[in-house]
Amino acid sequence: MYKKVAILGSTGSIGRQALEVISSFGGEMQVVGLAAGGNWQLLLDQVKTFRPRFVSLAREEDARMLAGVELEMPPEIYWGQEGLERIATITEAEVILTAVSGAVGLRPTIAALEAGKDIALANKETLVAAGSLVMDLAAARGSRLLPVDSEHSAIWQCLRGESPAWVEALILTASGGPFRTLSQEQLARVSADMALAHPNWAMGPKITIDSATLMNKGLEVIEARWLFDVDWEQIRVVIHPQSVIHSMVEFVDGSVMAQLGLPDMRTPIHLALTYPKRRGNQLPRLNWLELGALTFEPPDPGRFPCLMLAIEAGRRGGTAPAVLNAVNEVAVNAFLNRQICFNGIPGTVSDVLDLHTVIDYPGLEEILAADRWAREAAEKILVKYSR
Ligand code: NDP
Ligand code: MG
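The notes below deal with the structure included here. (Residues numbered from 1 in each chain as written. Chains lettered and ligands numbered in written order. Predicted model: local features only at pLDDT ≥ 70, side-chain atom pairs only at ≥ 80, totals over all residues. Heavy atoms only, no water.)

In this section: the overall build of the chain. On a plain count of helices and strands, the chain comes out with 17 helices and 11 strands. Taking 2.2 N^0.38 as the reference for a compact globule, 387 residues should give roughly 21 Å; the C-alpha atoms of the chain span a radius of gyration of 20 Å, in line with that estimate. With 387 residues in all, the chain has 56% of them scored as buried. Looking at the chain alone, contacts between residues at least 24 apart form 69% of all its contacts between residues at least 6 apart. Of the roughly 16500 Å² of accessible surface on the chain, 52% is carried by carbon and sulfur atoms. (Helix = DSSP H or I, 4+ residues; strand = E, 2+ residues; numbered from the N terminus. Rg over C-alpha atoms; globule rule 2.2 N^0.38 Å. Buried < 20%, exposed > 50% of the residue type's maximum accessible area, 1.4 Å probe, protein only. Contact = heavy atoms within 4.5 Å. Areas by Shrake-Rupley, 256 points an atom, 1.4 Å probe, with all protein chains shown as cover.)

See the structure below:
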């Protein structure tokens, strides 16, 4: 199974878990490149353990800090957007794990696809902003997009050996997040700390807030639309608080396939890296005798408007989903910095989408321009929702 892999976002939640999985493979997988944001100390530890030939950091000053450390096998060090693209296109890398958070992953993912790499895709924001472009490019270059997101990994597994014509619906499960049972009034008062305490998954801060608003599920509907090439009407969302069923596929004969497991991202990461094979591991297993009831309920669009905002932007297409995603990034950041209230996230997203003139069939530069416009527009609107 010898493979060479590079990781974008190696110091994050997914990146760290991926390196743990890679360690468990012994010498069968080689890490040839690592890209991080600002955490150069953790990147340094990873360099010492995995000895990649190339690394990158977001800022030049952090790259210089890393360069100042004497190492037995020093890597080539890059920085900034160019650095990310450099790691995404390392000649010997076969698979690029995209695990940065947000639309910053778009350009490097495109660069990796242009270089003919397979992508283990965690960075869903890239497919949200530029799904059509990314899928067309992957098809043109014969690259594979291997889903890491647990719901999409589940659907991917349920679809193995099935014809696309036999699929009636994809059913995405959602935990419902930490505020599933709160009233409208209670939601208006929740804090960032409350939102960061996710009941089932330990994730990076941005996706944790996205889970609390259900924006994450909306982004995943768009991600599923592109990964599996289905119509919008074929994608459904159901709240499943136990997060044991990771998602399901309903077929035209009424049969439903589900994929189950513990809520542990190392499992889908493991499969994306070993694909097309499966390989044994020591990860914890589901204990059926202690599992208890699995329950399901419909999502409530009144309390969690982000889900529908995302689906509507996805259906509208063009630059709308890129704008939705960019505004959401700004609003989530403002919520994490205690600048705006929880309801300010859907509020800002909705306000900016109303102001946006959608461009149909955008190219990469138009998508990036819409992303920049949306961030500026969002910054101006945030004050309306200040705490
Ligand atoms: P984290 O916030 O934990 O990690 C983000 C990573 O991206 C870090 O390594 C960070 O570096 C790096 N990064 C941020 N900005 C830049 C930049 N400008 N240049 C280079 N690197 C940068 O996020 P997660 O791991 O939680 O999520 C990553 C992606 O995976 C997201 O798209 C998310 O939606 C998706 N995902 C995550 C899941 C999870 O369980 N965590 C589940 C399913 C999908 P540093 O820390 O050094 O600043
Ligand atoms: Mg998910």
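By secondary structure assignment, the location of His-356 is in the loop between helix 16 (344–355) and helix 17 (364–381). If sequence neighbours within four positions are ignored, His-356 has contacts with Thr-319, Ala-320, Val-323, Ala-370 and Trp-373.

With that out of the way, let us pick up the site of ligand 1. Near ligand 1 you find 26 residues, and of these Thr-11, Ser-13, Gly-37, Glu-125 and Gly-204 are the closest. Ser-13 places a main-chain nitrogen or oxygen 2.8 Å from an oxygen atom of ligand 1. Take Asn-39: an N or O atom from its main chain is 2.9 Å from an oxygen atom of ligand 1. Across the complex, the protein chains shield 83% of the 900 Å² of accessible surface that ligand 1 would expose by itself. (Near = heavy atom within 4 Å. Polar contact = N/O pair within 3.5 Å; in protein donor to acceptor, adjacent residues only side chain to side chain.)

Let us now look at the nonpolar core. Burial of nonpolar side chains together is a common tendency in soluble globular proteins. Within the largest apolar cluster, 126 residues are counted, with the highest numbers of intra-cluster contacts made by Ile-22, Leu-106, Phe-179, Phe-228 and Leu-324. Ignoring any residue separated from it by four or fewer positions in sequence, one finds Phe-179 in contact with Leu-187, Val-190, Ser-191, Met-194, Ala-195, Ala-212, Arg-303, Phe-304 and Phe-342. (Core = buried A, V, L, I, M, F, W, Y, C linked by side-chain atoms within 4.5 Å.)

Let's shift gears to the sheet that holds strand 6 (residues 118–121). Taken in spatial order, the seven strands of this open sheet run 4-3-2-1-5-6-7, and their pairing is parallel. Every interior strand has two partners, whereas the edge strands, strand 4 (76–79) and strand 7 (145–147), have only one. Neighbour-to-neighbour, the strand axes of the sheet open up by a mean angle of 25°, direction not taken into account. Here strand 5 (residues 95–98) pairs with strand 6 via four bridges, running parallel. Across the sheet, the residue bridging to Ile-96 is Ile-119, located in strand 6. Lying on the sheet, helix 5 (residues 106–114) is in contact with strand 1 (3–8), strand 5 and strand 6; it crosses strand 6 at an angle near 150°. (Pairing = 2+ DSSP bridges. Axes fitted to C-alpha atoms, helices over the stretch in contact; angles between N-to-C directions.)

We now examine the sheet that holds strand 9 (residues 235–239). An order of 9-8-10-11 is seen for the four strands of this open sheet, with the pairing classed as mixed. Among the strands making up the open sheet, the edge pair consists of strand 9 and strand 11 (256–260). If you compare each strand with its neighbour and ignore which way they point, the axes differ by 20° on average. Here strand 8 (residues 167–174) pairs with strand 9 via five bridges, running parallel. Paired with Leu-172 across the bridge in strand 9 is Val-237. On the sheet, helix 7 (residues 150–158) packs against strand 8, strand 10 (245–251) and strand 11 and is oriented at approximately 40° with respect to strand 10. Sheet contacts for helix 11 (residues 215–228): strand 8 and strand 9; angle to strand 8, the most-contacted strand, approximately 150°.

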